[in-house]
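Fold and contact review
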Amino acid sequence: MAPLPMFFDMIQKGLQPSFWWPVKFCVATTLTTYVLSVITGNVSQVDRVWTFLPTIYTAYFALLPFWPKEPLLYLWPHTPTEVATEVGQRYSPRALLMLGLVTIWMCRLSYNTWRRGLFNLHDEDYRWAILRKRIPAWFFHVVNFTFIAIIQNIILFLLGLPAHTAAFQQPAQLSTSDYILATLALIDIAVEFVADNQQYSFQTYKHTGVIETNEWPGANIAWTPEDAKRGFVTRGLWAWSRHPNFFCEQTFWVIITLFPVLAPESPKLPALPVSSITPFWPLAPALVLCTLFFSSTLFTESISRSKYPEGYAAYQQRVAMFVPFLTPVWGLLLKLQGKKEKVDAILFARGESKKDQ
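Note that this is a predicted model, so its numbers are computed, not measured. (Residues numbered from 1 in each chain as written. Predicted model: local features only at pLDDT ≥ 70, side-chain atom pairs only at ≥ 80, totals over all residues. Heavy atoms only, no water.)

1. Remarks on a nonpolar patch on the surface
A grouping of Val-323, Phe-325, Leu-326, Val-329, Leu-332, Leu-333 and Leu-336 is seen on the molecular surface, where their side chains present a nonpolar patch of about 660 Å² in accessible area. In this fold, Val-329 is placed in helix α15 (residues 327–336). Residue class for Val-329 comes out partly exposed when judged on its relative accessible area of 36%. (Patch = residues over 30% accessible without salt bridge, like charges linked within 9 Å, V, L, I, M, F, W, Y side chains within 5 Å. Areas by Shrake-Rupley, 256 points an atom, 1.4 Å probe, with all protein chains shown as cover. Salt bridge = Lys/Arg side-chain N within 4 Å of Asp/Glu carboxyl O. Helix = DSSP H or I, 4+ residues; strand = E, 2+ residues; numbered from the N terminus. Buried < 20%, exposed > 50% of the residue type's maximum accessible area, 1.4 Å probe, protein only.)

And the structure:
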C-alpha cells in the first residue's frame, strides 16, 4: 500500500467518521501548498486558497446528506456509512444558513484578493519578503513548514467546525439566534467590503495619483496629495480603526462560531471544574483566528511604523487597532495630555483634492 493512503488510514482510526474526509483533505492541501512553496520559492500558496478552504469545509459538513457513501475519485468528498443515520440523511437548516453566509464571505474575499493580484502565481505577500530579511534562511524554512503550511491549514480546517456542530444539532427550524446572527454577519460583510474598497481606492490614488470615478459605495473619497504623502489611509472607516477589515474578519468568524453555541440545541458540555478549559472548545475556531490576526497585525504594524515613523506612531496613539468604539477614548486621553490637536493635524490634514481644484 502507498505511504499516503497508509497514513490516512492510520489517522482516521481515532477520528469521528464525519471528520475522515476533511482531515484527509487538510493533510493533502498542507502537503501540496508546502511542496509548491519549495518548488516556486513563493510561500503565498496558502494565501491563494485561504478564500476557498473554509467554504469547502463548511460545505462538506452542511451537505453531508448530499455526498456519496463512497468516494468517486481519490479525495472525493463522501459521507461514510458510519456517520449517524439522521445526520447523513437530513439537512440541518442552521448549517445551510451558515454555508450561505460563508459563501458570501468567500465571494467578497476572492474579489478583493483578485483585484490585488494575489491570485497571480508570481505575487507573494510583501510581509514574507520582509520576514526573510529579518531571520536566518534556515529558520525561514522552518517557519514556512510549521506556520505557513501546517498551522495556517489547520486554522482553515477549524473554521469549518461550527458547521459540523450545527449539522449534528439537527434543528427542525431556525431559531431567533440564527436570524439575529445572520443579520449581524451580513452587516459585518458589508462593512468589511467598504473597508476593503476604501483601502483599494487609497492605494490606487497613492500609486497613480488618479481618483477613480466609479468607486464602490463608501469608497468615493476625495483623496488629496496630503493623504498620499502620509503613506497610509486615515479616512473613512480607517479613521475609527487602524484595521477595520481585520476587525470585521475576526467578528465574522466569531459570529459563525456562535451559531451552534447560542442555539437552543447548543453543544452539551460536560460538567467540569471551573479551571478546566474544555468547555471552551466550541469557541476554538474564533479564538485561534483572533490570535493569528493579533500577532500578524503586530508584525504588519512594525513594518508600517518603520516606513512612517512619526505618522504611524501618531496613528497608533489616536486610533484603536481594531475596536472603533475605543478610538474616542484614545482621543480623550490625548486631549487630556494636550496632544490631540498636534496628532490630529498629522493624521487628518487633507489639503486640497483634485476634485476641489
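2. Notes on the packing of helix α2 (residues 20–40) against helix α4 (residues 53–62)
Interaxial distance between α2 and α4 falls to 11 Å at its minimum, and their mutual angle equals 165°. With respect to α4, the axis of α2 lies roughly antiparallel. Remark: the crossing between α2 and α4 carries right-handed chirality. Residues Trp-21, Pro-22, Phe-25, Cys-26 and Thr-29 of α2 form the contact with α4, whose own contacting residues are Leu-53, Ile-56, Tyr-57, Tyr-60 and Phe-61. Split into classes, the residues belonging to the contact of α2 with α4 amount to nine nonpolar, one polar and no charged. (Axes fitted to C-alpha atoms, helices over the stretch in contact; angles between N-to-C directions. Parallel < 35°, antiparallel > 145°, perpendicular 65-115°, else oblique. Left-handed = near helix turned anticlockwise from the far one by under 90°. Contact = heavy atoms within 4.5 Å. Nonpolar A, V, L, I, M, F, W, Y, C, P; charged D, E, K, R; others polar.)

3. Things to note about the packing of aromatic side chains
The description of two aromatic rings rests on the distance between their centres and on the angle between their planes. For the coordinates displayed, the defined rule picks out 24 aromatic pairs. Arranged with centres 6.3 Å apart and planes meeting at 5°, the rings of Trp-105 and Phe-252 form a pair that is stacked. Taken as a pair, Trp-105 in helix α6 (residues 93–115) and Phe-252 in helix α12 (residues 244–262) lie far apart in primary sequence, 147 residues in all. Of the two residues examined, Trp-105 and Phe-252, each falls in the buried class. Centroid distance Trp-128 to Phe-147: 6.5 Å. Interplanar angle 65°. Geometry classified as edge-to-face. Here Trp-128, found in helix α7 (residues 126–134), pairs with Phe-147, found in helix α8 (residues 137–158); they are 19 residues apart in sequence, far enough to count as distant. In textbook terms, an aromatic cluster arises when at least three aromatic residues are bridged by ring pairs, as seen for Phe-19, Trp-21, Phe-25, Tyr-57, Tyr-60, Phe-61, Phe-66, Trp-67 and Phe-157. Between Arg-115 and the ring centre of Tyr-200, over which it is positioned, the NZ or CZ distance is 4.6 Å. (Phe/Tyr/Trp six-rings, centres within 6.5 Å; stacked < 30°, edge-to-face > 60°. Lys NZ or Arg CZ within 6 Å of the ring centre and 35° of its normal.)

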